[in-house]
Amino acid sequence: MKKIIGLVLSLTVIAGVCAAVLAYVNTITRGPIAEMLVKKTVDAAKAVMPQGVADVAETAGGVFVGTAADGTVVGYAVTGADAGGYGGDVVLMVGFQADKKTVVCYKTLAAAETPGLGMKLNTPEFSGQFGGKDATTLKVKKDGGAIEAITAATITSRAVCRAIAAAAAKLQ
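Now for a quick tour of the structure. What you are looking at is a predicted structure, and each value in this text was computed from that prediction instead of being measured.

### What to know about the side chain of Asp 82
Okay, step 1: Relative to the elements of secondary structure, Asp 82 occurs in strand S3 (residues 73-85).
Okay, step 2: Once residues within four sequence positions are removed from consideration, Asp 82 is found in contact with Gly 88, Asp 89, Val 90, Ala 159, Arg 162 and Ala 163.

### Some remarks on unusual backbone geometry
Okay, step 1: Of note, the phi angle at Lys 100 is positive, near 70°, even though the residue is not glycine.
Okay, step 2: Here Lys 100 shows up in the loop between strand S4 (88-97) and strand S5 (103-111).
Okay, step 3: In this structure Lys 100 comes out as partly exposed when scored by relative accessible area, which is 28%.
Okay, step 4: Despite not being glycine, Ala 152 has its phi angle at roughly 65°, a positive value.
Okay, step 5: Within the secondary structure, Ala 152 is located in the loop between helix H2 (124-127) and helix H3 (154-171).

### Observations regarding the nonpolar core
Okay, step 1: Core analysis: the largest hydrophobic core is formed by 27 residues, its most contacted members being Leu 92, Phe 96, Tyr 106, Phe 130, Val 160 and Ile 164.
Okay, step 2: Secondary-structure elements contributing two or more residues to this core are S3, S4, S5 and H3.
Okay, step 3: Per-element tally for this core: the top contributor is H3, with eight residues.
Okay, step 4: The residues contacting Leu 92, other than those within four sequence positions of it, are Val 78, Thr 79, Gly 80, Tyr 106, Lys 107, Thr 108, Leu 109, Leu 121, Val 160, Ala 163 and Ile 164.
Okay, step 5: Grouped together as the second largest cluster of nonpolar side chains are eight residues, Ala 44, Val 48, Phe 64 and Met 93 included.

### With respect to H3
Okay, step 1: For H3, which comprises 18 residues, the first-to-last C-alpha distance of 26 Å matches the rise-based estimate of 26 Å (1.5 Å per residue) to within 8%.
Okay, step 2: If you check which residues of H3 are buried, you get Thr 154, Thr 156, Ser 157, Ala 159, Val 160, Cys 161, Ala 163, Ile 164, Ala 167, Ala 168 and Leu 171.
Okay, step 3: If you follow the buried residues of H3, they end up packed against S3, S4, S5 and H2.

### Here we look at the packing of aromatic side chains
Okay, step 1: Applying the stated criterion across every chain, the model contains two aromatic pairs.
Okay, step 2: Aromatic side chains Tyr 106 and Phe 130 sit 5.6 Å apart centroid to centroid with 80° between the ring planes, which places their arrangement in the edge-to-face category. With a gap of 24 residues between them, Tyr 106 in strand S5 and Phe 130 in the loop between H2 and H3 connect regions that are remote in the sequence.
Okay, step 3: Ring centres of Phe 126 and Phe 130 lie 5.3 Å apart, and the angle between their planes is 75°; on these two criteria the pair is classed as edge-to-face.
Okay, step 4: Residue class for Phe 126 comes out buried when judged on its relative accessible area of 3%.

### Digging into the sheet that holds S3
Okay, step 1: If you trace the five strands from one edge of the open sheet to the other, you get S1-S2-S3-S4-S5, paired in antiparallel fashion. Looking at strand neighbours, the two that pair on one side only are strand S1 (55-58) and S5, the edges of this open sheet. Pairs of neighbouring strands in the sheet enclose a mean axial angle of 25°, with direction left out of account.
Okay, step 2: Strand direction decides the pairing type here: S1 and strand S2 (residues 64-67), joined by four bridges, are antiparallel. Considered in S2, the bridge of Asp 55 is made with Thr 67.
Okay, step 3: Its contacts with the sheet place helix H1 (residues 2-47) against S1, S2, S3, S4 and S5, and it is angled at close to 160° to S5.

Each value, and the rule that gives it
Residues numbered from 1 in each chain as written. Predicted model: local features only at pLDDT ≥ 70, side-chain atom pairs only at ≥ 80, totals over all residues. Heavy atoms only, no water. Helix = DSSP H or I, 4+ residues; strand = E, 2+ residues; numbered from the N terminus. Contact = heavy atoms within 4.5 Å. Buried < 20%, exposed > 50% of the residue type's maximum accessible area, 1.4 Å probe, protein only. Core = buried A, V, L, I, M, F, W, Y, C linked by side-chain atoms within 4.5 Å. Expected span 1.5 Å × (residues − 1). Phe/Tyr/Trp six-rings, centres within 6.5 Å; stacked < 30°, edge-to-face > 60°. Pairing = 2+ DSSP bridges. Axes fitted to C-alpha atoms, helices over the stretch in contact; angles between N-to-C directions.

Dropping the structure here:
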């Protein structure tokens with residue numbers, strides 16, 4: 001009985017020390033991780049803006065506005081998400097022309113799709129199909145649209161279309 005109590009006490013102490021170390025590491029890394037996420041988001045917003053953007057500013061609603069050197073609005077960038085991806089949420093930063101509905105391009109902020117299949121959402125062959133299209137009417141060909149789905153990853157392709165539509169809805 002004493003042996004069991006000793007083992008339980010030892011495991012409790014070890015678990016407590018491990019929990020303390022993890023809590024300490026979390027407090028140290030929380031700030032840098034948040035800063036990197038903000039930088040990744042801002043960099044993605046700049047990358048998806050139309051040509052001719054001289055300055056990018058974020059509004060209170062999380063919408064990035066791209067302006068030309070003379071101050072005219074050239075385009076917008078906003079995040080769009082869809083929970084219906086094969087591996088969970090698909091989160092994109094989507095660039096739009098000044099009309100707020102014509103897609104420029106997108107960058108993936110988060111996706112846990114199948115490597116080699118669904119993660120092809122990042123390839124130019126797939127993502128290049130969206131440029132110049134109306135975000136409110138995007139559908140894959142199986143659903144009567146113009147987007148050629150990723151082979152064996154129709155669920156992911158649909159999630160990308162819905163995420164872009166969700167981004168466009170934020171601008172309306």
